[in-house]
Amino acid sequence: MRHDCTDFHQLFLSDTPLMDMRAPVEFAKGAFPHTVNLPLMNDQERQKVGTCYKQHGQAAAITLGHQLVSGAVKRERLHAWATFAKTHPDGYLYCFRGGLRSLIVQQWLRDEAGIAYPRIKGGYKAMRTFLLETTQHAVAECDFVLLGGLTGTGKTDVLHQLSNVLDLEGHANHRGSSFGKRASGQPAQIDFENRLAIDVLKKRDRGIEQFVLEDEGRIVGSCTLPLELYQGMQQYPMVWLEDSCANRVERILRDYVVNLCAEFVDLHGEEQGRVLYAERMRTSLANIRKRLGGERFQRLSELLQQALQEQLRSGAVDLHRGWIEGLLKEYYDPMYAYQREAKAERIEFAGDAREVREYLKARSLRG
């Protein structure tokens, strides 16, 4: 018989399947990878029980809870819990604090389905605290280096060739610029923080104590970096990636036009996907309208519109190079040049993709 779990380190290292007993509204705010939400009570039931608790106390609330989750409703939920338990005999169940809800489900599984299934002691709150502390400890104990460079130099491509990278944009499911929003949307803030912490945990377990990060602002799309990590990023040494403007235009064309359009088509089908993709591109440019200024925005917007019309008509993407090059030279490059100058003292190496990749690999070996 397996015992209730307090070993959060091993739990996350092994991608243990988890059954979350919290209400859907709680689950949506944040959970953990490899977790299924099979709540004891739905949102409406939880709200009724909560109101009863405030007005009449715990005993009345428990009684009401048993009334709401009874008969066919109870049988249906018990069947779902039992199915999960049988499918994932190595898993655990949990609620918010490892209290009444997980105890009730554990008892019902044992008494009515004959399944002894362990729970997480301390529940969601304890696991969440463990992951927050995992990131905090890494910032305090590990070595970090930032990868910077102009827009389109292929920083993400370089990062993906390293074993000691923390892919902030990957965890945020966002490419990090005004045009970086993916077709599939972003995780909740808590989910982003949890994914990052688990990545740190697994890499440190493999002996990695030096991490490479892309130089980011505090917010990646809608996801905010942990404060202690962002504060550290204001002092970490940097490596600067360089590439030609022509190569950068082609890379942006690939990632932000061809691949993004394909993402929308995969999610929404050919016709609707292309329409939604075009809307996203126009919105992305409009989001920086004030920073571009009226005349420049109007000019680039017209180039973008012509490119989108041709792409939707024939599939050709050649016209996109016009607005991409204009945006780089007139907006992003001057902004990044200013930032590079401000960070110049922290830049310990600069070079092309091959040189930077080899430097970072050698740097990690020096430890």
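Residues numbered from 1 in each chain as written. Predicted model: local features only at pLDDT ≥ 70, side-chain atom pairs only at ≥ 80, totals over all residues. Heavy atoms only, no water.

*Asks:* How should the overall build of the protein chain be read in this particular structure?
*Replies:* Along the protein chain, the regular secondary structure elements total 17 helices and nine strands. A principal-axis box enclosing the C-alpha atoms of the protein chain has dimensions of 70 × 55 × 40 Å. Split by element, the accessible area of the protein chain, about 18,000 Å² in all, is 51% carbon and sulfur. For the protein chain, the distance from the average position of its 49 positive side-chain charges to the average position of its 48 negative side-chain charges is 5 Å. (Helix = DSSP H or I, 4+ residues; strand = E, 2+ residues; numbered from the N terminus. Areas by Shrake-Rupley, 256 points an atom, 1.4 Å probe, with all protein chains shown as cover. Lys, Arg positive; Asp, Glu negative; His and termini not counted. Charge placed at Lys NZ, Arg CZ, Asp CG, Glu CD.)

*Asks:* Sorry if this is basic, but what is going on with the pattern of salt bridges here?
*Replies:* Between side chains of opposite charge, a pair can form when the charged atoms approach closely. With the rule as written, the count across this model stands at 31 salt bridges. Notably, a salt bridge pairs Glu 263 with Arg 175, separated by 3.5 Å at the nearest N-O pair. A residue pair is termed long-range when its members are at least 10 positions apart, and Glu 263 in helix H12 (residues 245-268) and Arg 175 in the loop between helix H9 (168-172) and helix H10 (189-205) qualify at 88 residues. A salt bridge links Arg 254 to Asp 255; its shortest N-O distance comes to 2.7 Å. Exposure remark for Arg 254: the relative accessible area of 34% places this residue in the partly exposed category. A cluster of three or more residues bridged by salt bridges with shared partners is formed by Asp 157, Asp 243, Arg 251, Arg 254 and Asp 255. (Salt bridge = Lys/Arg side-chain N within 4 Å of Asp/Glu carboxyl O. Buried < 20%, exposed > 50% of the residue type's maximum accessible area, 1.4 Å probe, protein only.)

*Asks:* I tried to follow the environment of Lys 329 on my own but got confused; where do I start?
*Replies:* With respect to the secondary-structure elements, Lys 329 resides in helix H16 (residues 320-342). Separated by 27 residues in sequence, Lys 329 and Val 356 have C-alpha atoms that sit 23 Å apart. Residues contacting Lys 329, with those up to four places away along its chain left out, are Cys 245 and Pro 334. (Contact = heavy atoms within 4.5 Å.)

*Asks:* What am I meant to see in the nonpolar core here?
*Replies:* Where a protein is soluble and globular, its nonpolar side chains tend to be buried together. Core analysis: the largest hydrophobic core is formed by 29 residues, its most contacted members being Phe 179, Met 281, Leu 285, Trp 323 and Leu 327. Those elements that provide at least two residues to this core are H12, helix H13 (270-286), helix H15 (294-314) and H16. It is H12 that contributes the most residues to this core, nine residues altogether. Excluding its chain neighbours within four sequence positions, the residues that come into contact with Leu 285 are Phe 179, Leu 292, Phe 297, Leu 300, Ser 301, Leu 304 and Leu 327. In terms of nonpolar packing, the next biggest core, distinct from the first, is built from 23 residues, Val 139, Leu 146, Leu 213 and Met 238 among them. (Core = buried A, V, L, I, M, F, W, Y, C linked by side-chain atoms within 4.5 Å.)

*Asks:* Could you clarify how one ought to interpret the pairing of strand S5 (residues 210-214) in this entry?
*Replies:* Successive side chains on a regular strand alternate, one facing one side of the sheet and the next facing the other. In terms of residue burial, S5 counts as a mostly covered element, since five of its five residues are buried. Across the two faces of S5 the burial is the same, with Gln 210, Val 212 and Glu 214 and Phe 211 and Leu 213 all buried. Judged from the five bridges that link them, strand S4 (residues 143-149) and S5 form a sheet pairing that is parallel. When the sheet's bridge partners are listed, Leu 147 is paired in S5 with Glu 214. (Pairing = 2+ DSSP bridges.)

*Asks:* Hey, could you run me through the packing of aromatic side chains in this one?
*Replies:* The geometry of an aromatic ring pair comes down to the distance between the two centres and the angle between the two planes. In the structure shown here, the tally under the stated rule is 12 aromatic pairs. Relative to Tyr 94, the ring of Phe 32 lies with its centre 5.8 Å away and its plane at 65 degrees, an arrangement referred to as edge-to-face. One end of the pair, Phe 32, is in the loop between helix H2 (24-29) and strand S2 (35-37); the other, Tyr 94, is in strand S3 (residues 92-94), and 62 residues separate them in sequence. Neither residue differs from the other here; Phe 32 and Tyr 94 are each classed as buried. Taking 4.4 Å as the distance between ring centres and 5 degrees as the angle between the ring planes, the aromatic pair formed by Phe 349 and Tyr 359 counts as stacked. Here Phe 349 is found in strand S9 (residues 347-351), whereas its partner Tyr 359 is found in helix H17 (residues 353-366), with 10 residues between them in sequence. These aromatic residues form a ring-pair network of at least three members: Phe 8, Phe 12, Phe 32, Tyr 94, Phe 96, Tyr 124 and Phe 130. Seen from the ring of Tyr 92, Arg 2 lies directly overhead, with NZ or CZ sitting 4.8 Å from the centre. The positively charged end of Lys 74 is found above the aromatic ring belonging to Trp 108, 4.1 Å away from the centroid. (Phe/Tyr/Trp six-rings, centres within 6.5 Å; stacked < 30°, edge-to-face > 60°. Lys NZ or Arg CZ within 6 Å of the ring centre and 35° of its normal.)

*Asks:* What exactly am I supposed to notice about the packing of H15 against H16 here?
*Replies:* Running from N to C, H15 and H16 point in directions that differ by 150 degrees, and their axes come no closer than 7 Å. The orientation of H15 with respect to H16, classified from their angle, is roughly antiparallel. For the element pair H15 and H16, the recorded crossing hand is left-handed. Taken together, the residues of H16 that come into contact with H15 (itself represented by Arg 296, Arg 299, Leu 300, Leu 303, Leu 304, Ala 307, Leu 308 and Gln 311) are His 320, Gly 322, Trp 323, Gly 326, Leu 327 and Glu 330. Its residues placed into classes, the contact of H15 with H16 shows seven nonpolar, four polar and three charged. (Axes fitted to C-alpha atoms, helices over the stretch in contact; angles between N-to-C directions. Parallel < 35°, antiparallel > 145°, perpendicular 65-115°, else oblique. Left-handed = near helix turned anticlockwise from the far one by under 90°. Nonpolar A, V, L, I, M, F, W, Y, C, P; charged D, E, K, R; others polar.)

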